[in-house]
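# Commentary on secondary and tertiary structure
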Amino acid sequence: MFGILSSDRRRFAPPHANAICYSGYREGQSPPSGVFPSYDQIREDLLILVQHWRYLRVYDCTQHAETVLKVIRDEGLPLQVMLGMGLGAEVSNPGCPWGGVYDDAVLAANRRANDEELARMAALSRRYRREVMAVSIGNEASVDWNDHMVPVERLIEFAKQLGRKARHPVTFCENYVPWTDKLRPLAAHLDLLGVHTYPVWEYKDIEEALAYTQENYYAVKGRYPDKPVVITEAGWTTRSNGRGIDPGNANEDLQRIYYEQLMNWTNSEGILTFVFEAFDEPWKGSSDPDEPEKHWGLFRLDRRPKPVMAQLFRDRL
């Protein structure tokens, strides 16, 4: 069972199994609004996902995460969860294209909220010890373009605290670029490293996509040969409004091709990979219905499978 560490953290190695990123937000629900999926809605989702996946990744320790863990326990589902901390910015980042600059009062409030989030994560990981597989100190909080920048020194502090408070593997989930240099001081305090790779965001077509994903992964693995490296996000959006992704490079056929290539490679190499993501999320990004952030799901908002999942889930077509 993945999740409980031996006394020798250096010997930890994550077992390989199907893994997917999960956010269960339906129409009218979102983390910012505080409107969360119900127990029954999450149960419906997990009964779909348990047919093919064993590991789920969630992004914060709100009511959503707690309900996911409760459903797994109550229903006796053979699933485990990578818990994540939902971090607010602790420093301004003028380099973010969509904001990222805050006054001192907001930054101070965010620091307090981040400490509270860490405490919630530690408590959830203890309460749901068998249902949790790993704990992540954040998501894309150090890459140059993010709007919730957290200094590396604070990330190290979070990792140390969780190392003392949790008995699960501690990780951080980030774009491949910071791992190659900026995050080297943090890596020493983690049990495994979580890498994100998105060739479609970097203007790669499907012929280049897998090779670019492999290049991203091995760039990090080569820096840390003695550290387990997993892919905590990789996927392909199925729609785009042209902002950051060519609409011609975002469709359901390309998603299917990339997914199949990704799974063939990672399964053959035994690389634990969390596919991004389970279901489309209408709350994300701009109000534009073709916003690419809304359309990474392997399943549509109504829980019908996209072509990538049509063979596995024919009963839901």
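Preceding this paragraph is the structure being described.
Structural notes, computed from the coordinates. Here the structure is a predicted model, which means the values were calculated and not measured. (Residues numbered from 1 in each chain as written. Predicted model: local features only at pLDDT ≥ 70, side-chain atom pairs only at ≥ 80, totals over all residues. Heavy atoms only, no water.)

## A short note on the packing of aromatic side chains
- All chains considered together, the criterion is met by 19 aromatic pairs.
- Taking 6.5 Å as the distance between ring centres and 85° as the angle between the ring planes, the aromatic pair formed by Tyr 59 and Phe 276 counts as edge-to-face. Here the residue Tyr 59 occupies a position in the loop between β2 (55-57) and α2 (63-75), and Phe 276 occupies one in the segment after β8 (273-275), the gap between them amounting to 217 residues.
- The interplanar angle of 80° and the centroid separation of 5.9 Å between the aromatic rings of Tyr 217 and Trp 265 together place this pair among those described as edge-to-face. Note that Tyr 217 is positioned in helix α7 (residues 206-223) and Trp 265 in helix α8 (residues 252-269), a separation of 48 residues in sequence. For the pair Tyr 217 and Trp 265, a shared accessibility class is recorded, and that class is buried.
- Members of the aromatic cluster, connected to one another through ring pairs, are Tyr 22, Trp 53, Phe 279, Phe 299 and Phe 313.
- When the ring centre of Phe 279 is taken as reference, the NZ or CZ atom of Arg 303 above it lies at 4.1 Å. (Phe/Tyr/Trp six-rings, centres within 6.5 Å; stacked < 30°, edge-to-face > 60°. Helix = DSSP H or I, 4+ residues; strand = E, 2+ residues; numbered from the N terminus. Buried < 20%, exposed > 50% of the residue type's maximum accessible area, 1.4 Å probe, protein only. Lys NZ or Arg CZ within 6 Å of the ring centre and 35° of its normal.)

## Here we look at the environment of Val 275
- Position of Val 275 among the secondary structure elements: in strand β8.
- On the basis of relative accessibility, which here comes to 2%, the residue Val 275 falls in the buried class.
- A C-alpha to C-alpha distance of 25 Å links Val 275 and Cys 96, two positions 179 residues apart in sequence.
- Beyond its immediate stretch of four places on either side in the chain, Val 275 contacts Ala 19, Ile 20, Cys 21, Ala 234, Tyr 259, Met 263 and Leu 298. (Contact = heavy atoms within 4.5 Å.)

## Structural notes on the pattern of salt bridges
- The tally for this structure, following the rule as stated, stands at 20 salt bridges.
- In this structure, Arg 303 and Asp 45 form a salt bridge, with 2.9 Å as the shortest nitrogen-oxygen distance. On the criterion of sequence distance, the pair formed by Arg 303 in the segment after β8 and Asp 45 in helix α1 (residues 39-49) is long-range, its members being 258 residues apart. Each member of the pair Arg 303 and Asp 45 is classed as buried.
- Note that Lys 284 and Glu 293 form a salt bridge whose closest N and O atoms lie 3.9 Å from each other. (Salt bridge = Lys/Arg side-chain N within 4 Å of Asp/Glu carboxyl O.)

## A word on the environment of Glu 140
- Residue position: Glu 140 is located in the loop between β4 (132-139) and α4 (152-165).
- Discounting chain neighbours no more than four positions away, the residues touching Glu 140 are Trp 145, Asn 146, His 148, Phe 172, Cys 173, Glu 174, Asn 175, His 196 and Glu 233.
- Of note is the side chain of Glu 140, whose polar atom sits 2.8 Å from the side chain of His 196. (Polar contact = N/O pair within 3.5 Å; in protein donor to acceptor, adjacent residues only side chain to side chain.)

## Notes on α1
- Buried within α1 are the following residues: Ile 42, Asp 45, Leu 46, Ile 48 and Leu 49. Along the axis of α1, the buried positions cluster into a sector of 155°, meaning they face one direction only.
- Buried residues in α1 make contact with β1 (19-21), β2 and α2. (Arc of directions from axis to C-beta.)

## Brief notes about unusual backbone geometry
- The peptide bond linking Phe 276 to Glu 277 adopts the cis configuration, its omega dihedral lying at 0°.
- Turning to its location among the elements, Glu 277 is positioned in the segment after β8.
- Located in the positive-phi region is Glu 140, a residue other than glycine, with phi close to 50°.
- Here the phi dihedral of Arg 303 falls at roughly 75°; this positive angle occurs in a residue that is not glycine.
- For Arg 303, a relative accessible area of 1% translates into the label buried.

## Things to note about the state of the cysteines
- Applying the stated criterion across every chain, the model contains 0 disulfides.
- In this structure Cys 21 is not part of a disulfide, and its nearest cysteine sulfur, from Cys 173, lies 8.1 Å away.
- By relative accessible area, Cys 21 is classed as buried at 0%. (Disulfide = S-S within 2.5 Å.)

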